[in-house]
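Secondary and tertiary structure notes
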Amino acid sequence: MNKEMQLNNLLKRGLLLKHKNFLLCITFVFFFFAFDFVIGEVLSYYDHFDTPNMNSLMWDDFYKSEPNSIDVIFLGSSHARFAFDTETFDNNLNIKSFNLSSSEQTPLVGYYALKEVLKNQKPKLLVYEAYWRVFGIDDNTTTAYFVYDYIKGFDTRSQLLASIYDNRNFSSFLAEALSRTYKYRDSFFPTIKNVLTGRIIKPSSPSKHIKYADFTYHQNGYFQSDEVVNNEKLFENNPFEKAGLYFKWNETQIEYFKKTIKLCNDNNIKVLVITAPLPKPSMDYIKDYKKYSSKIMNIAKKFGLEYIDYNSMNIKEGNFKNEFFFDSNHLNKNGSEFLDNLLIPVIKKYLN
Amino acid sequence: MLFNSFKFLIFFPIVTILYFILPHKFRWFMLLTSSCIFYMAFVPKYIFILAFTIFIDFFVGIALEKIDGEKRKLFLIISILSNIGILFVFKYFNFFNSNIVKVADFFHWNYPIESLKIILPIGLSFHTFQSLSYIIEVYKGKQKAERNFGIYALFVMFYPQLVAGPIERPQNLLTQFHERHYFEISRVADGLKMMLWGMIKKVVIADRLALFVNQIYGNPENYYGMPLISATFFFAFQIYCDFSGYSDIAIGAAKVMGFNLMTNFNRPYLSKSIAEFWRRWHISLSTWFKDYVYIPLGGNRCSAPRRYFNLFITFMLSGLWHGANWTYIIWGALNGIYQIISLMTRNIRNKILVFTKLEKVPNIHKSIQIVFTFSLTMFAWIFFRAANIRQAIYIIRNMFVGIFDIRNFEAVIKVAEGIQAFNNEGLILSFVLILFLIIIELLQRNVVIRETIDKRFPHICWLIYYAGIFAVIILGQFSKAQFIYFQF
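Residues numbered from 1 in each chain as written. Chains lettered and ligands numbered in written order. Predicted model: local features only at pLDDT ≥ 70, side-chain atom pairs only at ≥ 80, totals over all residues. Heavy atoms only, no water.

If you check an unreviewed UniProt entry, chain B appears there as D-alanyl-lipoteichoic acid acyltransferase DltB (MBOAT superfamily) from Ruminiclostridium sufflavum DSM 19573. Quoted straight from UniProt, the Sequence similarities (unreviewed entry) entry for chain B says "Belongs to the membrane-bound acyltransferase family." As recorded by UniProt, the Subcellular location (unreviewed entry) comment attached to chain B reads in full: "Cell membrane". (UniProt positions renumbered as here; feature names shortened; annotations may be inferred.)

1. Regarding the overall build of chain A
Looking only at helices and strands, chain A features 17 helices and eight strands. Across the 352 residues that make up chain A, the buried fraction comes to 51%. At a minimum sequence separation of 6, the contacts of chain A that also span at least 24 residues come to 83%. (Helix = DSSP H or I, 4+ residues; strand = E, 2+ residues; numbered from the N terminus. Buried < 20%, exposed > 50% of the residue type's maximum accessible area, 1.4 Å probe, protein only. Contact = heavy atoms within 4.5 Å.)

2. What about the interface of chain B and chain A?
A common way to state how big an interface is: give the accessible area lost once the parts meet. Facing 15 residues of chain B, the contacting portion of chain A comprises 21 residues. Here chain B and chain A share an interface that buries about 1,800 Å² over both sides, 80% of which is from carbon and sulfur atoms. By the criterion of area lost to chain A, the three top residues of chain B are Phe6, Tyr466 and Ile474 of chain B, representing 33% of everything that side buries. At the boundary of chain B and chain A, one finds zero salt bridges. Counting every contact that joins chain B to chain A gives four residue pairs in polar contact (both at pLDDT 80 or more). Looking at the side of chain B that touches chain A, the elements that each hand over two or more residues are helix H19 (423-443) and helix H21 (461-475) of chain B. Here the element with the most residues in the side of chain B that touches chain A is H21 of chain B; it accounts for nine residues. A per-class count over the side of chain B that touches chain A returns 13 nonpolar, one polar and one charged. (Buried area = accessible area lost by both parts, 1.4 Å probe. Salt bridge = Lys/Arg side-chain N within 4 Å of Asp/Glu carboxyl O. Polar contact = N/O pair within 3.5 Å; in protein donor to acceptor, adjacent residues only side chain to side chain. Nonpolar A, V, L, I, M, F, W, Y, C, P; charged D, E, K, R; others polar.)

3. Details of the packing of helix H4 (residues 70-106) of chain B against helix H13 (residues 304-322) of chain B
Residue and element names in this part refer to chain B. One way to put it is that H4 packs onto H13 with a least axis distance of 10 Å and a crossing angle of 105 degrees. Considered as vectors, H4 and H13 are oriented roughly perpendicular to each other. Along its contact with H4, which presents Lys91, Tyr92 and Phe95, the element H13 presents Leu320, Trp321 and His322. (Axes fitted to C-alpha atoms, helices over the stretch in contact; angles between N-to-C directions. Parallel < 35°, antiparallel > 145°, perpendicular 65-115°, else oblique.)

4. Points about the sheet that holds strand S5 (residues 216-217) of chain A
Residues and elements named next belong to chain A. Ordered in space as S4-S5-S6, the three strands form an open sheet in which the pairing is antiparallel. If you trace the sheet from one side to the other, it starts and ends with strand S4 (210-211) and strand S6 (223-224), each paired once. As defined by bridge partners, S4 adjoins S5 across two bridges and the pair is classed as antiparallel. Bridging across to S5, Lys211 finds its partner in Thr216. (Pairing = 2+ DSSP bridges.)

5. Quick notes on the confidence of the model for chain B
Looking at chain B, the pLDDT average stands at 91 and 98% of residues meet or exceed 70. Interface predicted TM-score (ipTM) for the complex: 0.83; the corresponding pTM is 0.86. (pLDDT = per-residue confidence, 0-100.)

6. Re the UniProt feature "transmembrane region" (unreviewed entry) in chain A
In the numbering used here, UniProt assigns the feature "transmembrane region" (unreviewed entry) to residues 21-46 of chain A. Between the C-alpha atoms that bound residues 21-46 of chain A there is a distance of 38 Å. The span itself is 96% helix and 0% strand.

7. Topic: the sheet that holds strand S2 (residues 97-99) of chain A
Residues and elements named next belong to chain A. With parallel pairing, five strands are arranged side by side in an open sheet as S2-S1-S3-S7-S8. If you trace the sheet from one side to the other, it starts and ends with S2 and strand S8 (306-309), each paired once. In this sheet, adjacent strand axes meet at a mean angle of 20 degrees when their direction is disregarded. For strand S3 (residues 125-129) and strand S7 (residues 270-275), the ladder comprises five bridges, and the chain directions are parallel. Looking at S7, one finds that Glu129 is bridged to Ile274. Packed onto the sheet, helix H4 (residues 86-93) meets strand S1 (72-75) and S2 and runs at close to 165 degrees relative to S2.

8. A word on the packing of aromatic side chains
Residue and element names in this part refer to chain A. Throughout the structure, instances matching the rule amount to 108 aromatic pairs over all chains. Stacked on the ring of Tyr63, the Lys or Arg Lys152 has its end atom at 4.5 Å from the ring centre. If you follow Arg157 out to its NZ or CZ, it ends over the ring of Tyr148, 4.4 Å from the centre. (Phe/Tyr/Trp six-rings, centres within 6.5 Å; stacked < 30°, edge-to-face > 60°. Lys NZ or Arg CZ within 6 Å of the ring centre and 35° of its normal.)

Put into structure tokens, the structure is as follows:
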């Protein structure tokens with residue numbers, strides 16, 4: 001009996017020990033994630049301490065919009081970000097528009113941005129800026145940050161994350177998604193500096209007309225630059241000199257472009273596909289532009305969509321002078337005004 | 001896959017969990033499969049080269065046990081030639097060929113053989129030496145030949161030490177694959193702590209120092225004085241932290257599963273002589289060369305000149321093992337020369353010791369010895385890191401130019417400012433991290449810090465471990481920088 005009791009006690013101790021070890025492991029992991037969250041939150045607070053992150057501003061503005069209040073959505077790359085002044089369209093067409101373009105926004109990333117939009121908005125029109133180069137991007141991770149980090153929908157974020165699992169830099173992206181501390185680790189030293197110099201509370205910033213280096217964030221996703229491109233940027237150090245030599249379509253991006261159109265069709269949203277203009281000296285480096293433009297045209301035609309290529313127009317007619325750009329890629333304030341005035345009657349047609 | 005990669009962060013726990021879940025008889029198979037996956041993450045087709053050498057050595061090992069007489073030597077030679085042959089083709093052929101081309105050009109000979117366009121299989125030098133160690137030990141009768149092909153393959157391919165060591169002896173590692181290992185929380189925790197320390201050394205210290213070192217050593221002709229000295233000083237710690245960090249991760253990962261790999265580094269920069277340095281640095285390689293090259297040549301059981309010759313050859317070969325470049329050979333030879341001079345001047349140095357009464361202040365004497373030994377190794381590292389001899393000579397000729405000029409110190413700061421991801425904080429942080437490392441190494445002379453933390457600070461030990469983990473997350477450099485010794 002004694003031996004039996006001893007054996008039972010030993011067994012119980014063994015089980016308790018196993019449970020204790022298991023509980024210790026779970027507790028250690030739990031506190032790790034708790035510390036990670038707290039440290040990450042502190043670092044994120046001091047991230048972009050003086051000037052808010054521009055993508056954060058844009059999405060914050062979006063989430064402040066009343067449900068079902070937005071009539072027109074603009075999606076596209078930074079070309080679109082600087083091209084479409086939402087204030088111009090709103091004032092001239094008596095609508096509310098929002099520009100959710102971001103740097104190098106690929107069709108894949110744009111698709112999930114639109115999915116997030118459709119959760120509480122029912123726009124009538126999507127103006128899709130099709131910059132052909134983003135259709136050749138294989139690794140979406142860099143551009144995905146500009147949407148993933150700021151959208152609130154857990155399901156949309158998860159779907160976006162899952163869609164880029166095979167991208168080259170996915171592991172780094174996933175690490176940032178799982179660990180807030182890892183994501184904001186670059187603000188560790190700025191945080192220390194701010195705390196040591198007594199800058200503990202973030203200065204409040206206006207929600208409109210926030211100045212960055214070469215441009216200003218206006219509102220509702222539109223960025224504006226007053227600068228005019230110089231000859232050095234256009235002719236001597238034009239990035240298209242090398243970048244223009246090679247381009248290959250990425251089938252995934254084309255698929256997501258088509259998925260975006262189908263998503264709009266399913267939600268009774270009209271789609272207008274356009275390509276914003278580049279300065280002529282940049283286009284001189286692009287040898288096969290007609291092919292790229294034709295491919296986008298064919299996809300748009302297949303879905304019965306109108307495609308306006310302001311780039312081809314500019315190559316032919318030269319109506320977008322070099323002075324309308326602030327660098328080798330993007331329209332400045334005057335250029336954006338010129339383009340938007342051309343677009344207003346087109347958009348009006350769609351809204352009627 | 002690299003130890004400091006996200007893939008390994010997923011790979012390691014899966015393999016470890018599977019190891020403990022599976023019955024003992026299936027564990028070797030799972031580990032072998034995992035090791036194959038680990039190896040094939042680099043260049044998949046090179047697994048066939050590994051398979052070829054494993055196949056030959058396995059059957060040679062059995063043959064050596066069964067056969068007597070001169071035929072045993074024949075089998076030994078077959079194995080050595082196949083292993084060294086593969087190493088020569090992939091690692092040394094182009095080096096020797098290019099040198100022959102230069103000689104042929106000089107004498108206007110017609111030399112038709114072109115260099116091979118092949119990539120060096122990862123870890124080739126390491127697993128080749130490990131295989132050779134097995135065959136030689138079986139030949140000597142000190143190790144029984146392994147009869148299970150899978151277990152032998154696992155001995156060569158065991159993933160924690162497959163690509164950068166430690167170079168294990170069969171007496172230590174092979175037997176462990178037959179042992180049953182149980183999950184023990186204290187051992188697992190200890191292994192994880194070793195891995196954490198290895199990560200800190202690798203991604204926080206080594207990869208950070210690498211940013212500065214690469215900037216200077218990438219174009220040394222653009223610098224003189226303090227930037228060259230700083231870069232060399234940083235490199236001394238970069239290579240130590242990189243390699244010992246890898247070894248710690250490898251040893252820790254093995255320990256989690258219950259395997260004990262040999263210690264590969266034992267605070268080498270606290271050595272008081274070059275001889276002691278080589279007893280503490282890359283211990284698995286230096287003991288390999290001692291047992292299989294130095295001692296067979298005669299070791300120190302011969303005349304003094306013959307001993308010096310043995311030392312010189314052994315270290316030159318060690319240099320050659322590190323890389324197919326004259327800089328590595330010179331680095332190895334230099335270390336050999338250091339030891340020869342040390343032996344030749346022993347009596348004189350003892351007399352100087354007595355004359356200066358340094359023997360009466362042992363701590364000062366020790367400190368001088370440590371600083372002097374470190375300086376010698378740091379000087380030798382110039383050859384190890386430089387791209388070629390011309391660059392190494394430039395660095396040596398210009399590293400002391402203008403060092404008393406304050407602008408030279410400012411040049412170091414300017415270089416740091418120009419390196420993205422390094423900045424001003426990087427320079428200060430680098431020195432702080434090196435100081436932190438030295439303090440830890442000094443403390444580890446008397447205690448094992450991992451055990452001390454748990455015993456003396458039981459209530460806050462978790463905070464210390466969290467601090468270590470977050471140091472890796474926040475301060476770690478996560479570029480695709482490989483471990484330096486992967487290229488060997």
